[in-house]
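The chain contents come next:
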Amino acid sequence: MSTVPISVTVDGQRYESDVEPRQLLVHHLRDGLGRVGTPIGCDTSNCGACTVLLDGKSVKSCAVLAVQTDGRSVTTVQGLANGTWHPVQQAFHAEHGLQCGYCTPGMMLAAVDLLTENPNPTEAEIRDGLEGNLCRCTGYQNIVKAVQAAAVAMQAEGAAR
Amino acid sequence: MIPASFDYARPDSVETALAALAAGGEDAKVLAGGQSLVPLLRLRLAYPSVLVDLGGVSELRGVRDDGDALVIGAMTTHYEVMTNALVREHAGLLAEATGTVADPAVRHRGTFGGSLAHGDPAGDLPAVALAYGAQMVIAGSGGRRTVEAADFFVDYLQTAVGPDEVLVEVRVPKLGAGWGHHYEKFHRTAQAWALVGVAALVRRSNGSIAEARVGLTNMGTTPLRASAAEAALAGVDASAAAVASAADHAADGTSPSSDLHAQSDYREHLARVLTRRAVASAAGL
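Residues numbered from 1 in each chain as written. Chains lettered and ligands numbered in written order. Predicted model: local features only at pLDDT ≥ 70, side-chain atom pairs only at ≥ 80, totals over all residues. Heavy atoms only, no water.

1. A look at the packing of helix H2 (residues 87–94) of chain A against helix H5 (residues 140–160) of chain A
Residue and element names in this part refer to chain A.
Then, number 1: Put simply, H2 and H5 touch, their axes get as near as 8 Å, and they point 135° apart. One way to sum up the angle between H2 and H5 is to call them oblique. When you trace H2 past H5, the crossing you get is right-handed. On the side of H2, the interface is formed by Pro-87, Val-88, Ala-91 and Phe-92, while H5 contributes Ile-143, Ala-146, Val-147, Ala-149, Ala-150, Ala-153, Met-154 and Glu-157. (Axes fitted to C-alpha atoms, helices over the stretch in contact; angles between N-to-C directions. Helix = DSSP H or I, 4+ residues; strand = E, 2+ residues; numbered from the N terminus. Parallel < 35°, antiparallel > 145°, perpendicular 65-115°, else oblique. Left-handed = near helix turned anticlockwise from the far one by under 90°. Contact = heavy atoms within 4.5 Å.)

2. Quick word on the domain arrangement of chain A
All names here are of chain A.
Then, number 1: On domain assignment, one finds that chain A holds domain 1 (4–79) and domain 2 (87–160).
Then, number 2: When each unit is reduced to the centre of its C-alpha atoms, the spacing between domain 1 and domain 2 is 22 Å.
Then, number 3: Of the residues lining the interface, 18 residues belong to domain 1; the matching set on domain 2 comes to 13 residues.
Then, number 4: Buried area between domain 1 and domain 2, summed over both chains or domains, comes out near 1,100 Å², and the portion from carbon and sulfur atoms is 57%.
Then, number 5: Run the count over domain 1 and domain 2 and you get 2 salt bridges.
Then, number 6: Put simply, Lys-57 and Asp-113 hold a salt bridge, and the shortest N to O gap is 3.0 Å.
Then, number 7: Where domain 1 meets domain 2, there are 8 residue pairs in polar contact (both at pLDDT 80 or more).
Then, number 8: Secondary structure elements with two or more residues in the side of domain 1 that touches domain 2: strand S3 (51–54) and strand S4 (57–60). (Domains from an automatic or database assignment. Buried area = accessible area lost by both parts, 1.4 Å probe. Salt bridge = Lys/Arg side-chain N within 4 Å of Asp/Glu carboxyl O. Polar contact = N/O pair within 3.5 Å; in protein donor to acceptor, adjacent residues only side chain to side chain.)

3. A few points about the layout of surface pockets
Then, number 1: Quantified by volume, the second largest pocket comes out at close to 660 Å³.
Then, number 2: If you go around the second largest pocket, you meet 31 residues; those closest to its centre are Asp-128 and Gly-129 of chain A together with Met-82, Pro-104 and Arg-107 of chain B.
Then, number 3: Counting only elements with at least two residues in the lining of the second largest pocket, the list comes to S4, helix H3 (104–117) and helix H4 (123–129) of chain A together with helix H3 (78–83), helix H5 (92–98) and helix H6 (104–109) of chain B.
Then, number 4: When the residues that make up the lining of the second largest pocket are grouped by side-chain class, the tally is 9 nonpolar, 11 polar and 11 charged. (1 Å grid on protein atoms, 1.4 Å probe; cavity = no way out; pocket = protein on both sides within 12 Å on 5 of 7 lines; lining within 4 Å. Points joined across faces, edges and corners; volume = space filled by probe spheres on them. Nonpolar A, V, L, I, M, F, W, Y, C, P; charged D, E, K, R; others polar.)

4. Quick notes on the interface of chain A and chain B
Then, number 1: In this complex, chain A contributes 31 residues to the contact, which on the side of chain B involves 31 residues.
Then, number 2: Together chain A and chain B conceal approximately 2,500 Å² of surface at their shared face, both sides included; 54% is due to carbon and sulfur atoms.
Then, number 3: Summed over the three residues of chain A that lose the most area to chain B, namely Arg-22, Gln-68 and Glu-131 of chain A, the buried surface amounts to 28% of that side.
Then, number 4: Joining chain A to chain B, the criterion identifies 2 salt bridges.

5. A word on the packing of aromatic side chains
Residue and element names in this part refer to chain B.
Then, number 1: According to the stated counting rule, one finds 1 aromatic pair over all chains in the structure shown.
Then, number 2: Ring geometry for Phe-152 and Phe-153: centres 5.0 Å apart, planes at 85°, overall edge-to-face. This pair shows no difference in class: Phe-152 is buried, exactly as Phe-153 is. (Phe/Tyr/Trp six-rings, centres within 6.5 Å; stacked < 30°, edge-to-face > 60°. Buried < 20%, exposed > 50% of the residue type's maximum accessible area, 1.4 Å probe, protein only.)

As structure tokens, this is what we get:
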């Protein structure tokens, strides 16, 4: 079994690891680094539960090999809060943007990416932007409300700076 | 650890990538964005001996203006293609259709060249490349060769790219002023593959349709041109009735597959309806 050395920054912390080339990023995060905030949902790249940010852009971590992230930066749900909750986390809490919670980490990271790209999205743009993330509880109404609330909060935060 | 074991090479140039492919033998496989390949590895439908990851080959990324064509590096991601100013200006159909591929997270990883070289007839971009008459530049040990889109897609998941070759860039001709475009796709759910898709490019002139190009997604084992509909559209009045009449020929000569989600006759029906919509929209009707 040959391994490849990789160096990946996860949630601001740098990790040097030796991984098998076939190791999926999500397994590397969970089993290799013990960072289990990123759940495995469907294992078919459909559901988006395992979404993380790779150099700031959303990706499905079950469709990325760990070796492909060498030298790059990964943000998981565990890296969103910075002393206080991220506005997206606060909004999902305040608007009850979750039911069972399984899709929530991926949903929040997709929302962060969406709001970085488009700080003031329409409802249709939010639904389009989250199309790769499935909620089996079908709790989409409150998820959309949460993203709308987060957009308002982040714009207010930006204006206050 | 779900995929079967493989060795891994991460070349930093096309030349070293070709060398790695040659050294890997016939079971070596190119890894582009991985949005089709990694799921196939995970299902163990693919079990290459060595993966040659093009992610480190920076010369394969980006879009440049080459006068009468845009040259798009094979490793340019869907996200980069659809947000690129040159693509939006000169290849609007490509920008539009790329924006419908899968979902945002997949578009951040998946690449234009990977989508074409994978040769999935349900993919959106092969039909678009065919409608444009794009040219694919393929590198091999003997140098580079250029293959027309019409000759590139050989069969289901098979293209003109040989096992020891790499698709390096795609030349998309600029069509100039007067062309409208639309990509119309029918799928069961958000992010699902197209049951059928239609890529339309239409040039209007003095109230009539001077020329129409219609690419079909998922109407056979390769992307197809709706040649009969294109011929029927040439020169007709730019009216809804004339477009509808010509679009009735959209499935002529095709033999689409039947599967869990659509029988072949339903796909033929979709091709006619979606062609009518796509051409009408591209013609500004």
